[in-house]
Amino acid sequence: MFDCVYAPWRSEYITGPKIEGCAFCHIAKHPDQDEELGVLWRAKYCYAVMNRYPYTPGHFMVIPYIHIDNLESLDPAIWQEMTTLTQRGVGLLKDVLRAEGVNIGMNLGAAAGAGIAEHIHMHLVPRWQRDTNFITTIGHTRVYGVDFDAIYRKLRAKAKEYFDGV
Ligand SMILES: [Zn+2]
């Protein structure tokens, strides 16, 4: 189910320089563009960023700054931070968006369905009791529309409360 493609270079929201190479590395190296790129939080080893092609509204990701394609080689300290941010991110989604459930998970490798397989990332997908019909109906249609920026601003406004000190 985590078949989302993160492709900020295709987004009409991005009007800045074209992104070359790995999109997640680009975000990692450009804190000056956090608002345009939808970054929610920057911790020591990882950051949290909105998925521009969300499975549900509010779908975001936790991503290490380091460009690495295999979880088994990731420094355990970085993994620990990723999981802590994920844990707190669940609380953020339940609080701000009143999520009734959250899918968390990773697609490790292209064979597992990763859109950007060369740079590991954790998905957090908020869910609601009656969202299945909605998602089935819209299929692969993008669901953000005008709500995207409003949802981003809401989550970002509360991000410090949940992620501070990680
Ligand atoms: Zn990368």
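Sequence order sets the numbering: in each chain, residues are counted from 1 along the sequence as written. Reporting in this predicted model follows two pLDDT cut-offs: at least 70 for local features of residues, and 80 or more for side-chain atom pairs to be given and counted; totals over whole chains, interfaces and linings ignore these cut-offs and use all residues.

K.L.:
If you had to explain helix H3 (residues 76–96) to someone new, which residues and values would you point to?
P.N.:
Comment: elements are numbered from the N terminus, with helices defined as DSSP H or I runs of at least four residues and strands as E runs of at least two. One less than the number of residues in a helix, times 1.5 Å, gives the span that helix is expected to have. End to end, H3 covers 30 Å across 21 residues, agreeing with the expected 30 Å (1.5 Å per residue, within 8%). Burial is judged by counting the other C-beta atoms within 10 Å of a residue's own C-beta: 20 or more makes it buried, 12 or fewer makes it exposed, and any count in between marks it as partly exposed, with every C-beta position built from the backbone. Residues Met82, Leu85, Thr86, Arg88, Gly89, Leu92 and Leu93 constitute the buried set of H3. Think of it this way: build a C-beta for each residue from its backbone, and any pair within 7 Å is a contact. Against strand S2 (46–50), strand S3 (60–64), strand S4 (101–105), strand S5 (122–127) and helix H5 (147–163) lie the buried residues of H3. Phi turns positive, to about 55 degrees, at Arg98, one or two residues after H3.

K.L.:
Lay out H5 with the relevant residues and their values.
P.N.:
Between the first and last C-alpha of H5 there are 23 Å, a value that for 17 residues agrees with the 24 Å anticipated at 1.5 Å per step. The seven residues ending at a residue and the seven starting there each receive a fitted axis; the angle between those axes is the bend at that residue. At Ala157, H5 shows its maximal bend, which comes to roughly 35 degrees. Those residues of H5 that are buried are in contact with strand S1 (39–42), S2 and H3. Following H5 by one or two positions, Gly165 adopts a phi angle in the positive range, close to 90 degrees.

K.L.:
Can you lay out the packing of H3 against H5 for me, pointing to particular residues and giving the numbers?
P.N.:
Viewed as axis vectors pointing N to C, H3 and H5 meet at an angle of 135 degrees, and their least axial separation amounts to 10 Å. Considering their axes alone, H3 and H5 lie oblique with respect to each other. Considering how the two elements wind past one another, H3 and H5 form a crossing that is right-handed. Here Leu85, Arg88, Gly91, Leu92, Asp95 and Val96 of H3 lie close against H5, whose contacting residues are Lys154, Leu155, Lys158, Ala159, Tyr162 and Phe163. Each residue receives one of three labels: charged for Asp, Glu, Lys and Arg, nonpolar for Ala, Val, Leu, Ile, Met, Phe, Trp, Tyr, Cys and Pro, and polar for the others, Gly being one of them. Of the residues in the contact of H3 with H5, the class split is seven nonpolar, one polar and four charged. Axis definition: a line fitted to C-alpha atoms, over the contacting stretch in the case of helices. Angles run 0 to 180 degrees between N-to-C directions. An angle counts as roughly parallel when it lies under 35 degrees, as roughly antiparallel when it exceeds 145, as roughly perpendicular when it falls between 65 and 115, and as oblique in every other case. Should the near helix be turned anticlockwise from the far one by less than a right angle, the crossing is left-handed, and should it be turned clockwise, the crossing is right-handed.

K.L.:
Describe in detail the environment of Tyr47, supporting the description with residues and values.
P.N.:
By secondary structure assignment, the location of Tyr47 is in strand S2. Accessibility expressed as a C-beta count within 10 Å gives 23 for Tyr47, which makes it buried. Sequence spacing of Tyr47 and Glu81 is 34 residues, and the spatial spacing of their C-alpha atoms is 9.7 Å. Ignoring sequence-local partners within four residues, the contact set of Tyr47 consists of Ile27, Ala28, Val39, Trp41, Arg42, Ile63 and Tyr65.

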